[in-house]
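Remarks on the overall topology
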Amino acid sequence: MTFDLGPALLFVPGDRPERLAKALERADAAIVDLEDAVAPHAKADARAALVDADPDPARVIVRVNGPQTPEFARDLAAVAETRVRTVMVAKAEEPASLAPLEGYDVIALCETARGVVHAEHLAALPQVVALMWGAEDLVASLGGTSSRGDDGGYRDVARLARARVLLAAGAFGKRAVDAVHVDIGDLEGLAEEARDAAASGFAATACIHPGQVATIRAAYAPTPELVAWARGVLDAAEGERGVFRFEGRMIDEPILRHARSVVARAVVARAE
């Protein structure tokens with residue numbers, strides 16, 4: 001299965017099943033979270049709620065606890081009782097730990113130093129359809145206290161991790177999902193990061209509040225001017241052989257691939 005659900009993926013606490021329907025109305029897909037959004041004493045109830053809901057397998061992802069925890073096997077047992085077959089594995093690190101997920105579509109969440117270092121090995125697994133990275137857990141795994149500097153931007157180590165996960169995914173033909181913007185009220189900062197994510201090659205951005213969905217979608221949707229340019233380039237290419245000029249710019253195959261990506265994003269934006 002190709003992971004292509006749309007640009008805005010909204011987390012929903014697993015122990016708040018009443019929020020799932022609204023999340024699916026607002027976002028392109030919902031991530032039912034059995035990990036960080038659920039307190040330890042509520043995890044069994046969250047798993048029971050997931051089984052009872054048996055949500056739409058086409059637009060629901062379940063985030064399970066990390067393979068290094070006792071909750072991992074319990075989460076997988078609960079998922080197996082539903083129709084859901086797309087699983088996000090928190091704190092993915094060792095490729096061998098994802099062996100129990102053969103037959104599922106796996107999003108490996110690289111959010112520790114070890115996970116980022118092993119991103120290429122995780123992306124190479126046939127069951128992995130996408131990689132995601134996480135900033136706060138990553139910095140915590142390094143003994144740090146914040147992924148962002150005083151200017152609100154990511155620190156160098158977070159930017160490096162983001163780039164490494166994106167490159168690992170691309171190297172193996174998998175999709176990449178950008179990290180959540182934890183400052184819910186900072187829609188301007190979210191828009192800037194989501195625009196950069198789309199331009200860099202991320203397929204989606206995860207979010208933690210319904211109010212962030214519209215900003216992400218708008219950021220991933222190419223402007224009318226960019227779409228017009230892309231269509232013009234592709235139309236012009238039909239009568240050309242090899243490199244040619246268009247509107248004063250040299251056009252070769254990499255630029256044509258950029259144009260095709262823009263048109264594809266425009267189609268997705270119109271469908272939302």
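Keep in mind it's a predicted model, so treat the numbers as computed, not measured. Sequence positions are assigned chain by chain, starting from 1 and proceeding in written order. It should be noted that, the model being predicted, local features are given only for residues of pLDDT at least 70 and side-chain atom pairs only at 80 or more, the latter also being counted only at that level, while totals for whole chains, interfaces and linings use all residues. Side-chain numbers here rest on the full set of heavy atoms in the structure, without hydrogens or water.

With a phi close to 40°, Asp54 is a non-glycine residue in the positive phi region. The backbone of Glu247 sits at a positive phi, close to 55°, despite the residue not being glycine. Helical segments are the DSSP runs of H or I of at least four residues, strand segments are the runs of E of at least two, and each set is numbered from the N terminus. Within the secondary structure, Glu247 sits in the loop between β9 (244-246) and β10 (249-251). Look at Glu247 and you get exposed, because its relative accessible area is 66%. Working definition: with a 1.4 Å probe on protein chains only, accessible area under 20% of the residue-type maximum means buried, over 50% means exposed, and in between means partly exposed.

Looking now at the UniProt feature "domain: HpcH/HpaI aldolase/citrate lyase" (unreviewed entry) in the chain. Here the UniProt-annotated "domain: HpcH/HpaI aldolase/citrate lyase" (unreviewed entry) positions come out as residues 9-210. The distance from the first to the last C-alpha atom of residues 9-210 is 10 Å, and the span holds 37% helix and 19% strand. UniProt positions are given in the numbering used here, feature names are shortened, and annotations may be inferred rather than shown by experiment.

Spatial ordering of the closed barrel is given by β1-β2-β3-β4-β5-β6-β7-β8, a layout of eight strands whose pairing is parallel. Neighbour-to-neighbour, the strand axes of the sheet open up by a mean angle of 25°, direction not taken into account. Bridge count between strand β2 (residues 29-33) and strand β3 (residues 60-64): four bridges; the pairing is parallel. Directly across from Asp33, in β3, lies its bridge partner Arg63. Residues count as neighbours in contact if any of their non-hydrogen atoms are within 4.5 Å of one another. Throughout, an axis means a line fitted to C-alpha atoms (over the contacting stretch in the case of helices), and angles, computed between N-to-C directions, take values from 0 to 180 degrees. Those strands touched by helix α3 (residues 71-80) are β3 and β4 (86-89), and its axis lies near 160° from that of β3. In this description, strands pair whenever DSSP reports at least two bridges between them.

Assigned domains of the chain: these are domain 1 (8-220) and domain 2 (224-269). Placing the centre of domain 1 and that of domain 2 at their C-alpha centroids yields a distance of 32 Å. Domain boundaries shown here were taken from an automatic or database domain assignment.

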